[in-house]
Amino acid sequence: MSEPLVERMRGFGETIFAEMSALAVRTGAINLGQGFPDEDGPRAMLDAAVEAVRSGANQYPPGPGLPELREAVAAQRLGRYGLSYDPATEVFVTVGATEGVAASMLALAEPGDEVVVFEPYYDSYAATIALAGAVRRPVTLRPDGGRFTFDPDELRAAVTSRTRVILVNSPHNPSGTVFTRAELESIAAVCREHDLIAVTDEVYEYLTFDDAEHVPLASLDGMRERTVSVSSAGKTFSVTGWKTGWVTAPAPLIRAVQTVKQFLTYAVSAPYQRAAAYALGNEVPWVEELRKSLQAKRDRLVTGLEAAGFAAYRPQGTYFVQADIRPLGFTDGMELVRELPGRAGVVAIPTQVFYDHPEAGAHFLRFAFCKRDDVIDEAVERLARLR
């Protein structure tokens, strides 16, 4: 029998996250690879989910999402960013942000269309662009002044007559960069000039550090009408397993995304929707404490990595630190992560898997710091063995 998998997906096997997490389990290594917290979200939110189950919210909710969650999302976008969306027609609930991005790609990119994406990119982006039959046009983020950024000229050069969508992730996984207003203005200018749609992944919108500010691309002049914004409860409230996300956009774009999404999963868990609606309205102070805690954990991990001999980039947001392995005498991150459990009892993610041009990220590993302090301390103590 010939290969049954469709051609456009043959380059995608098991995700690197599944592979590395299985390696951690198999070897008993500390898992600083996959980005899930060690601790749960606010107790009252968890209780709201339990109460929703016990009170009978266990059948199909409305396909577009529960009205209470859509209203809570609209209130959050207005209150935090001054962006007004009609909860009835401009907010749509998805099975996490991953489905929100996937449904957007499938709805908005035709076969042969080009999608500009910043590399390194979250791995599902490449897969969903391929599922749409579209073509990736990567723009590389490179270290500059202690953070990763892009060259606006390279962005403009990546756009052709076939470009349809720009996919923007900020705060950015895996680099930890939070795009500045000036960087976003350069993206917006390209979108306006070439009549492009922007799809923005903003799942780490609350998790920024120091003086970094998350600015939604949709808030810039001329961008609300051409931007599909995606976010979720998972990272904000430390419930990554709930897979409860949402999309905000003008009604025509929402209708396009809904047309696809309804045939993927139709509806999203009703109890988790109720709990997420409660959290958006009541647990932002808890999130602020989470942000402060993560900033301290970031500093703890960066200090430990530097002491172990890595050159670490201090992220402006997200859960992740990029660490350069070259000061330790290594050059191939993929090779090193497969040796790390045996050498140091730690699992990380090789950043090169997030590039179309893997040589640009071959010397970086991604470490997650959304873990307990004692886990971080034990991990960096083990990593010091590499010296």
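Residues numbered from 1 in each chain as written. Predicted model: local features only at pLDDT ≥ 70, side-chain atom pairs only at ≥ 80, totals over all residues. Heavy atoms only, no water.

In the annotation of an unreviewed UniProt entry, the chain is listed under the name Pyridoxal phosphate-dependent aminotransferase and assigned to Actinomadura fibrosa. Regarding the chain, the UniProt comment filed under Cofactor (unreviewed entry) reads as follows: "pyridoxal 5'-phosphate". (UniProt positions renumbered as here; feature names shortened; annotations may be inferred.)

Asker: Got a minute to help me understand the sheet that holds strand β7 (residues 163-169) in this structure?
Answerer: Taking strand neighbours across the sheet as the criterion, the seven strands line up as β2-β10-β9-β8-β7-β3-β4 in an open arrangement whose pairing is mixed. This sheet does not close on itself; its edge strands, each paired only once, are β2 (91-94) and β4 (135-140). Between one strand axis and the next, the sheet turns by 20° as a mean value, whatever way the strands run. In this sheet, β7 lies alongside strand β3 (residues 114-119) in parallel orientation, the contact comprising four bridges. When the sheet's bridge partners are listed, V117 is paired in β7 with L167. Set on the sheet, helix α7 (residues 181-194) makes contact with β3, β7 and β8 (197-201); between it and β7 the angle comes to about 165°. (Pairing = 2+ DSSP bridges. Helix = DSSP H or I, 4+ residues; strand = E, 2+ residues; numbered from the N terminus. Axes fitted to C-alpha atoms, helices over the stretch in contact; angles between N-to-C directions. Contact = heavy atoms within 4.5 Å.)

Asker: It is not clear to me how the packing of aromatic side chains should be interpreted in this structure. Could you clarify?
Answerer: Both the distance between ring centres and the angle between the ring planes are used here to describe each pair of aromatic rings. Scanning all chains against the criterion turns up 16 aromatic pairs. Ring centres of F118 and F150 lie 4.9 Å apart, and the angle between their planes is 45°; on these two criteria the pair is classed as tilted. Pair noted here: F118 is in strand β3 and F150 is in the loop between β6 (147-149) and α6 (152-158), with a separation of 32 residues, a long-range link. Comparing F118 with F150, the two get one shared label, buried. Measuring from centroid to centroid gives 5.6 Å for F310 and F367, while their planes differ by 75°, and the two rings are edge-to-face. Taken together, the residues F310 in the loop between α10 (284-308) and β11 (311-313) and F367 in strand β15 (residues 364-368) connect sequence positions 57 residues apart. Overall, F310 belongs to the buried group, its relative accessible area being 4%. Judged by its relative accessible area of 0%, F367 falls in the buried class. Within the aromatic cluster, the residues linked to one another by ring pairs are F17, Y122, Y125 and F354. For the cation-ring pair, R366 lies above F320, with the distance from its terminal atom to the ring centre recorded as 3.5 Å. (Phe/Tyr/Trp six-rings, centres within 6.5 Å; stacked < 30°, edge-to-face > 60°. Buried < 20%, exposed > 50% of the residue type's maximum accessible area, 1.4 Å probe, protein only. Lys NZ or Arg CZ within 6 Å of the ring centre and 35° of its normal.)

Asker: Can you help me understand the sheet that holds β15 in this one?
Answerer: Note: strands within a sheet are paired through backbone hydrogen bonds, in either parallel or antiparallel orientation. Read across the open sheet, the four strands follow the order β11-β12-β15-β14; overall the sheet is antiparallel. Every interior strand has two partners, whereas the edge strands, β11 and β14 (349-350), have only one. As paired elements, strand β12 (residues 320-324) and β15 share five bridges and run antiparallel to each other. Paired with D324 across the bridge in β15 is F364.

Asker: How should helix α1 (residues 16-27) be read in this particular structure?
Answerer: Every α-helix carries 3.6 residues per turn, so stepping three or four residues along brings you back to the same face. Given a rise of 1.5 Å per residue, 12 residues ought to cover 16 Å, and the 16 Å separating the end C-alpha atoms of α1 matches this to within 8%. Within α1, the full set of buried residues consists of I16, F17, M20, S21, L23 and A24. Each buried residue of α1 sits inside an arc of 155° when the element is viewed along its axis, so together they form one side. Structural note: α1 exposes V25 and R26 on the side pointing more than 90 degrees away from its buried face. (Expected span 1.5 Å × (residues − 1). Arc of directions from axis to C-beta.)

Asker: I'm lost on the environment of V116 in this one. Help?
Answerer: Its place among the elements puts V116 in strand β3. Judged by its relative accessible area of 0%, V116 falls in the buried class. Sequence separation between V116 and D86 is 30 residues; the distance between their C-alpha atoms is 29 Å. For V116, the contacting residues outside a window of four places in its chain are R137, V139, L155, A158, V159, T163, V165, I166 and L167.

Asker: Is there a simple way to think about the pairing of β3 in this case?
Answerer: Both faces of the sheet carry side chains from a regular strand, because those side chains alternate between them. A large share of β3 lies buried, amounting to six of its six residues. Side chains of β3 alternate between two faces, with E114, V116 and F118 and V115, V117 and E119 buried alike. For β3 and β4, the ladder comprises six bridges, and the chain directions are parallel. Across the sheet, V115 pairs through a bridge with R136, a residue of β4. Following the chain from β3 across helix α5 (residues 123-131) to the adjacent parallel β4, one finds a crossover that is right-handed. (Right-handed = clockwise from strand over helix to strand, strands pointing away.)

Asker: Hey, could you run me through the UniProt feature "domain: Aminotransferase class I/classII large" (unreviewed entry) in the chain in this one?
Answerer: Sequence positions flagged by UniProt for "domain: Aminotransferase class I/classII large" (unreviewed entry) are, in local numbering, residues 29-383. Measuring from the first to the last C-alpha atom of residues 29-383 gives 11 Å, for a span that is 40% helix and 18% strand.

Asker: Explanation requested: the pairing of strand β9 (residues 227-232) in the structure shown.
Answerer: Burial analysis of β9 places six of its six residues in the buried class, which makes it a mostly covered element. Bridge count for β8 against β9 is four bridges, and the pairing is parallel. Of the residues in β9, the one forming a bridge with A198 is T227. Bridge count for β9 against strand β10 (residues 245-248) is four bridges, and the pairing is antiparallel. By the bridge assignment for β10, S229 is matched with T248.

Asker: How should α10 be read in this particular structure?
Answerer: A rise of 1.5 Å per residue sets the reference length of α10, with its 25 residues, at 36 Å; its end C-alpha atoms lie 36 Å apart and thus fit the reference within 8%. Turning to α10, its buried residues number three or more, namely V287, L290, R291, L294, Q295, K297, R298, L301, V302, G304, L305 and A308. For α10, the elements touching its buried residues are β11, β12, β15 and α12 (373-383). A positive phi of about 110° marks G309, the residue just after α10.

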